[in-house]
Amino acid sequence: MKILVCISNVPDTTTKITFTNDNTQFNTSGVSFIVNPYDEIALSRAIELCAGGKGTVTVINVGESVTEPTIRKALAIGADDAVRINAEPRDAYFTAYQIAEYAKTTDYDMILCGRESIDYNGSQVAAMVGEFLDIPSISIIKKLDYDGTTATIEREIEGGKEVVSVSGKFIASCAEGTAVATIPNMRGIMSARSKPLQVVEAKEIAQISKVQQFDTPPPRGAVKLVPADETEKLIGLLHSEAKVI
Amino acid sequence: MSVLVYVEQVDGKFKKSVFEAVSYAKAIADIQGSSLTAISIGNVGEAELKELGKYGASKVLNVSNDQLKNFINQAYASVIAEAAKKESAAVVVLSNSFSGKGLAPRVAVKLEAGLVDGAVELPKLDGGQFLVKKTAFSGKAFAITELTSAIKVIALNPNAFGVKESAVEAAVEAFSPEIKATDFTAIVKEIVRATNKVSLPDAELVVSAGRGLKGPENWGMIEELANLLGAATACSKPVSDADWRPHSEHVGQTGIAISPNLYIAIGISGAIQHLAGVSSSKVIVVINIDPEAPFFKVADYGIVGDAFVVVPKLIEALKAHKG
């Protein structure tokens, strides 16, 4: 079995988000980058499925050389090898196209990734890769079992869950519940340095979307405190002032 | 030229988020001086389809087909793309729901269209540019994205635009595009839906609780408050990590990002990762025993007090208010 896991290089979750150049660029100064937390869940499930010699896990990242420390982190967690497609991931369409083009050149059973990246919050890549490869894409999954030919997947739907069965190649985007993110151990960190990391050149595709500017939410006014024994006052404010109940 | 909106049905009915997407699509059609067509897939009755006229859809393409009874994104995306071609759609609108997230990217690739998901405002047509504002960095920022493709696809965030009436007569037309067999490779085995619960991603009111509740056995009062309000329940990451509540309730940077009209946070300190997922709520109420809790800095209303005392009193006050 071979599993491809797509990983995105994103700012750490504690990052204070600021912009430069007239709010047209994300300010990376002083920001530390991590494996996108959802992709880490996907990677952890892939490693579990391949444990005991049942298969191998290849991580794929679309990024310039600055993402290599993040790729090494994924190798430390337990991926067997890595592929970096050498380009700035300018939008989901571009990224998905590169992943699909690479997937066409290799043999695999499934592709996993996270439900969305925590920077641009697009949950686009998985379904786009599915469409480029003309294979099923199951978005926002919570559980994944695989018997060697058929996957049984639970995905989240409004107010409940759905169980889907897929035979043959597919791509799924993983949410919490699919696996518990694995923390790399010392052996993993040591061996990550010598695991293969292949660099592949990107393919050309027309650009159809571009972030022109960033904006931050307006600050809220000061909090109105209500004494703890006057809860009816809070209900009154929510009803007549905020008009939300 | 037209605008196409996908209207997602659940058991033959449309939810509020669908009417919101139709209202939003109608506003785009008005800006562009074109008409709005809705595409419905699955078995929906004529009366329900006609209802879409109330929000501005002058035509409804109805795909009623037993093979498409269950949502299979691959097949649904093919239908929507075919409808977009038939209607010469310049813009395709969907809800940014769980199924919308699985659909919109496939539709975009089929139409070689740029996609903005998580849109929060109407597009701005500035000197030939087509700009859409969307949430980014888990609610910590917005990204104004330009789409340069001939066809544009937009997935609208729930509660971002609101439902707006603009009554027209909706003409319902049967539509039966060809769908290839390989679009049905994934098979739906089972659907489990809790019918008595308000779904979290598109809930207008949300009651959320954190570690301050001390244990899963204390969630009774949270559920009672939520039921009284008609609100969905949510929780913080440590709570779902400890299995006190299901992961599907976890809101925050690595959980679900929500933007309800009212978010009540009980016993949640307000770590930056939690705030990221809820900061676009319109009104935030914080109940916390610690007056220094960072959550108070972004709250509109607050009560400093013990949740075990305040919440039961709040329930009483709410009952009195409702008479």
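Being a predicted model, the structure only gives us computed values, none of them experimental.

1. Observations concerning the overall build of chain B
Broken down by element type, chain B carries eight helices and 18 strands. Based on the C-alpha atoms only, the size of chain B along its principal axes is roughly 60 × 45 × 40 Å. When the 323 residues of chain B are sorted by exposure, 63% land in the buried category. Nonlocal contacts in chain B, meaning residues at least 24 apart in sequence, comprise 66% of its contacts between residues at least 6 apart. For chain B, the exposed surface amounts to about 11,800 Å²; the carbon and sulfur share of it is 51%. The centroid of the 32 positive side-chain charges in chain B is displaced by 2 Å from the centroid of its 34 negative side-chain charges.

2. Looking at the UniProt feature "domain: Electron transfer flavoprotein alpha/beta-subunit N-terminal" (unreviewed entry) in chain A
Per the UniProt record, "domain: Electron transfer flavoprotein alpha/beta-subunit N-terminal" (unreviewed entry) is annotated on residues 23-209 of chain A. The span residues 23-209 of chain A carries 28% helix and 32% strand; its end-to-end C-alpha distance comes to 17 Å.

3. Some remarks on the packing of helix 6 (residues 231-241) of chain A against helix 8 (residues 307-322) of chain B
At a closest axis distance of 8 Å, the pairing of helix 6 of chain A and helix 8 of chain B adopts a crossing angle of 55°. The angle between helix 6 of chain A and helix 8 of chain B places the two elements in the oblique class. Along this stretch, helix 6 of chain A crosses helix 8 of chain B, giving a crossing that reads as right-handed. Two secondary-structure elements touch here, helix 6 of chain A through Thr-231, Glu-232, Leu-234, Ile-235 and His-239 of chain A and helix 8 of chain B through Val-310, Lys-313, Leu-314, Ala-317, Leu-318 and His-321 of chain B. Taken together, the residues of the contact of helix 6 of chain A with helix 8 of chain B break down into six nonpolar, three polar and two charged.

4. Concerning helix 2 (residues 68-77) of chain A
Within the span of helix 2 of chain A, buried status applies to Thr-70, Ile-71, Ala-74, Leu-75, Ala-76 and Ile-77 of chain A. A positive backbone phi angle near 145° is found at Gly-78 of chain A, which sits one or two residues after helix 2 of chain A.

5. Some remarks on helix 5 (residues 220-229) of chain B
Residue and element names in this part refer to chain B. Along helix 5, the residues that are buried comprise Met-221, Ile-222, Leu-225, Ala-226, Leu-228 and Leu-229. The buried residues of helix 5 occupy an angular sector of 160° when the element is viewed end-on, so they sit on one face. Buried positions along helix 5 lie against strand 14 (205-209), strand 15 (232-235), strand 16 (262-266) and helix 8. Of the residues trailing helix 5, Gly-230 is marked for its positive phi of about 70°.

What counts, and where the lines are drawn
- Residues numbered from 1 in each chain as written.
- Chains lettered and ligands numbered in written order.
- Predicted model: local features only at pLDDT ≥ 70, side-chain atom pairs only at ≥ 80, totals over all residues.
- Heavy atoms only, no water.
- Helix = DSSP H or I, 4+ residues; strand = E, 2+ residues; numbered from the N terminus.
- Buried < 20%, exposed > 50% of the residue type's maximum accessible area, 1.4 Å probe, protein only.
- Contact = heavy atoms within 4.5 Å.
- Areas by Shrake-Rupley, 256 points an atom, 1.4 Å probe, with all protein chains shown as cover.
- Lys, Arg positive; Asp, Glu negative; His and termini not counted.
- Charge placed at Lys NZ, Arg CZ, Asp CG, Glu CD.
- UniProt positions renumbered as here; feature names shortened; annotations may be inferred.
- Axes fitted to C-alpha atoms, helices over the stretch in contact; angles between N-to-C directions.
- Parallel < 35°, antiparallel > 145°, perpendicular 65-115°, else oblique.
- Left-handed = near helix turned anticlockwise from the far one by under 90°.
- Nonpolar A, V, L, I, M, F, W, Y, C, P; charged D, E, K, R; others polar.
- Arc of directions from axis to C-beta.

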